[in-house]
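Summary of the model geometry
Given next are the chains, with one letter for each unit.
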Amino acid sequence: MNTTKIKTALTIAGSDSCGGAGIQADIKTMTMNGVYAMSAITALTAQNTTGVRAISEVTPEFLGQQLDAVFEDIFPDAVKIGMVASSELIRVIAEKLRFYQAKNIVVDPVMVATSGSALLKTDAIDTLTNELLPLATLVTPNIPEAEILSGRTIQTADDMCAAAKKIGDTYTCAVLLKGGHSINDANDLLYTDGAFQWFEGKRIQTDNTHGTGCTLSSAIASNLAKKYPLDESVHRAKEYISGALAAGLNLGKGSGPMLHCYLLK
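Residues numbered from 1 in each chain as written. Predicted model: local features only at pLDDT ≥ 70, side-chain atom pairs only at ≥ 80, totals over all residues. Heavy atoms only, no water.

What about the overall build of the chain?
Across its full length, the chain carries 8 helices and 9 strands. A compact globule built from 265 residues should have a C-alpha radius of gyration of about 18 Å, and the chain, at 17 Å, falls within 12% of that. Its C-alpha atoms put the chain at 50 × 45 × 40 Å along the principal axes. Within the chain, the proportion of its 265 residues that are buried is 54%. Surface summary for the chain: the accessible area is close to 12,000 Å², and the carbon and sulfur share equals 50%. Taken together, the 22 basic and 27 acidic charged side chains of the chain have centroids lying 5 Å from each other. (Helix = DSSP H or I, 4+ residues; strand = E, 2+ residues; numbered from the N terminus. Rg over C-alpha atoms; globule rule 2.2 N^0.38 Å. Buried < 20%, exposed > 50% of the residue type's maximum accessible area, 1.4 Å probe, protein only. Areas by Shrake-Rupley, 256 points an atom, 1.4 Å probe, with all protein chains shown as cover. Lys, Arg positive; Asp, Glu negative; His and termini not counted. Charge placed at Lys NZ, Arg CZ, Asp CG, Glu CD.)

Examining the nonpolar core
Within the largest apolar cluster, 44 residues are counted, with the highest numbers of intra-cluster contacts made by I81 and L177. The leading source of residues in this core is helix α3 (residues 87-100), at 7 residues. Look past the residues within four positions of L177 in its chain and what remains in contact with it is P141, N142, I143, A146, I154, M160, A163, A164, D188 and L189. Of all hydrophobic cores here, the second largest spans 27 residues; its members include A174, L224, A225 and I241. (Core = buried A, V, L, I, M, F, W, Y, C linked by side-chain atoms within 4.5 Å. Contact = heavy atoms within 4.5 Å.)

Here we look at the side chain of K80
Tracing the backbone shows K80 in strand β4 (residues 78-81). Looking at K80, the relative accessible area reads 0%, which means it is buried. A polar side-chain atom of K80 sits 3.2 Å from the main-chain carbonyl oxygen of C214. Contact partners of K80, with chain neighbours within four places excluded, come to L10, T11, I12, D26, M30, V106, D108, C214, S217, S218 and A221. (Polar contact = N/O pair within 3.5 Å; in protein donor to acceptor, adjacent residues only side chain to side chain.)

Focus on empty space enclosed by the protein
This structure, assessed with the given rule, holds 1 cavity of 30 Å³ or more. Put simply, the largest cavity is a space of about 50 Å³. Along its surface, the largest cavity is lined by 10 residues, and G82, V84, P109, V110 and L128 are the ones closest to its centre. Of the residues that constitute the lining of the largest cavity, the class distribution is 8 nonpolar, 1 polar and 1 charged. (1 Å grid on protein atoms, 1.4 Å probe; cavity = no way out; pocket = protein on both sides within 12 Å on 5 of 7 lines; lining within 4 Å. Points joined across faces, edges and corners; volume = space filled by probe spheres on them. Nonpolar A, V, L, I, M, F, W, Y, C, P; charged D, E, K, R; others polar.)

Structural notes on the side chain of D68
Within the secondary structure, D68 sits in helix α2 (residues 60-73). A relative accessible area of 17% places D68 in the buried class. Each residue touching D68, except ones within four places of it in the same chain, is listed here: K96 and Y100.

Concerning the packing of α2 against α3
Relative orientation of the contacting elements α2 and α3 amounts to 25°, with a least axis distance of 9 Å. It follows that α2 is roughly parallel to α3 by the angle criterion. Pair α2 / α3 crosses with right-handed handedness. On the side of α2, the interface is formed by P60, L63, G64, L67, D68, F71 and E72, while α3 contributes E88, L89, V92, I93, K96, L97 and Y100. (Axes fitted to C-alpha atoms, helices over the stretch in contact; angles between N-to-C directions. Parallel < 35°, antiparallel > 145°, perpendicular 65-115°, else oblique. Left-handed = near helix turned anticlockwise from the far one by under 90°.)

Things to note about the pairing of strand β2 (residues 36-48)
Successive residues of a regular strand alternate their side chains across the two faces of the sheet. Relative to β2, strand β1 (residues 8-16) runs parallel, the two being bridged by 9 bridges. Counterpart to S15 in the pairing with β2 is L44. As defined by bridge partners, β2 adjoins strand β3 (residues 51-57) across 6 bridges and the pair is classed as antiparallel. Bridge assignment links L44 to a residue of β3, and that residue is S56. Counting the residues in the hairpin turn of β2 and β3 gives 2 residues. (Pairing = 2+ DSSP bridges.)

Structure, rendered in structure tokens:
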């Protein structure tokens, strides 16, 4: 009997009912980047391209059951963690990752949606930094998130370097600080093992950027699962997301999603 060998990746995140971000974006991205995608859902959201209407969290017990079910049967080669709104859920994730000795953990510290809606409770930030970031292989904050995590104001490329170093040294993880939000165009900064590496990107003129953070972190996790080095995983992920944005999908009345399956066109 022929068997197909494929790497696996797990996304731990919230569901996006419009499909452009969260679990749905992660699964599309992982599939298009050549890995078998699995999921553990932290919350259901009622949202579309104009904003988040409601969030319904799963219980910590149920999240734990989801994670046990995955790890006990199909051990993931990489784990991507996205929206986790409460301290209780973050603690469950950290406990399970330690117990199963998970590897290639990419944390996207989702605090605010593209639409501007808050997605992380204030008291959960401390739990995120204390429990989850020390387990991470890579954390992928945008500028506002990095300001919160580093306690520094970021206005220049030098500020990005200082903030990335502060986060990486404090939590002993690699940091990919995303340079959007009008700072340093679309260039991202990777800080790992005491060294800096810039990844230049071409800014694509589009208002449809819903789910870009989810997509980038999932693409990186996918490539780590396939055993690419961290810098090559970041490079490949940026190539993928640039193509998905440039495909020019235009859906919804707000900040629309990108075309995750552009490679199938």
